[in-house]
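The residues making up each chain are set out below.
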Amino acid sequence: MPDEEVKPNLEASTQDAQLAADSIASGEEKAPTVDFDADYAAAQQFSVSEVDRTGKGAAAAEAATAPNQKTSQPQETKTQAQSTGNPDDFLELAKEVGNSPTESVSNVSDDLVEQALEKGERKN
């Protein structure tokens, strides 16, 4: 793209910009030119640092982001719920927990959790 002349804004928002626009419009000052291709090429030079042009940049990034502790790999486990076939086993427990249609949150105590675990162990 060839050099382009910057056209002054005759309705500039600041006094300095208005004075510059008037000077360019009257011919007292020459309008600045912009070479977009040269500016773009110069910007590309600054977009990559010197360390990134070598292999040291990737090594430095790896060292900076490496975790301090080793983590174990998760193991996949498959859980299959076994149906008891008898809904009466847990009916009493459900009544104790509370099944109020107007109350969305119920209190679950350690005793209720212990009872549920015991009932679940008896079936297995």
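Placed above this text is the structure.
Computed from a predicted model, the values in this text were never measured in an experiment.

A. Here's a closer look at the overall build of the chain. When you go through the chain residue by residue, the secondary structure sums to 5 helices and 2 strands. Going residue by residue from the N terminus, the α and β elements of the chain occur as β-α-β-α-α-α-α. Taking all 124 residues of the chain together, the buried fraction comes to 7%. Pairs at least 24 residues apart make up 52% of the contacts formed inside the chain by residues separated by at least 6 positions. Here the chain displays about 11,400 Å² of accessible surface, and carbon together with sulfur accounts for 50% of that area.

B. How the structure looks around a negative patch on the surface. A grouping of Asp 110, Asp 111, Glu 114, Glu 118 and Glu 121 is seen on the molecular surface, where their side chains present a negatively charged patch. Positionally, Asp 110 belongs in helix α5 (residues 110-123).

C. Structural detail: a nonpolar patch on the surface. A cluster of nonpolar side chains, namely Val 108, Val 113 and Leu 117, defines an oily patch on the protein surface of about 260 Å² accessible area. As for its position among the elements, Val 108 is in the loop between α4 (91-97) and α5. According to the relative accessible area criterion, Val 108 is exposed, its value standing at 52%.

D. Looking closely at the environment of Thr 65. The residue Thr 65 is located in helix α3 (residues 56-65) in this model. There is a polar contact of 2.9 Å between the side chain of Thr 65 and the backbone oxygen of Ala 61.

E. Representation of the side chain of Ser 23. As for its placement among the helices and strands, Ser 23 is situated in helix α1 (residues 15-26). Taking relative accessible area as the criterion, Ser 23 reaches 14% and is therefore assigned buried. Aside from chain neighbours lying at most four places away, what touches Ser 23 is Glu 28 and Glu 29.

Cut-offs and rules
The numbers attached to residues start from 1 for each chain and follow its sequence in the written order. Side-chain atom pairs in this predicted model are given and counted only at pLDDT of 80 or more, local residue features only at pLDDT of at least 70, and totals for whole chains, interfaces and linings cover all residues. The basis for the side-chain values is all heavy atoms of the structure; hydrogens and waters are excluded. Only DSSP runs of H or I covering at least 4 residues are called helices, and only runs of E covering at least 2 are called strands; the numbering of each starts at the N terminus. Using a 1.4 Å probe on the protein chains alone, a residue whose accessible area is under 20% of its type maximum counts as buried, one over 50% counts as exposed, and one in between counts as partly exposed. Contact criterion: two residues are considered in contact whenever any of their non-hydrogen atoms come within 4.5 Å of each other. With residues, only the protein chains shown are counted as cover, and all accessible areas are computed by Shrake-Rupley using a 1.4 Å probe. Excluding any residue in a salt bridge, patches collect residues exceeding 30% relative accessible area, merging like charges within 9 Å and nonpolar Val, Leu, Ile, Met, Phe, Trp and Tyr side chains within 5 Å. Throughout this description, the term salt bridge denotes a Lys or Arg side-chain nitrogen within 4 Å of a carboxyl oxygen of Asp or Glu. Counted charges follow a simple rule, with Lys and Arg positive, Asp and Glu negative, and His plus the chain ends left uncounted. Taken as the charge location is NZ of Lys, CZ of Arg, CG of Asp or CD of Glu. As used in this structure description, the phrase polar contact means that two N or O atoms lie within 3.5 Å; if the pair is within protein, one of them must be able to donate a hydrogen and the other to accept it, and residues adjacent in sequence are counted only when both atoms belong to side chains.

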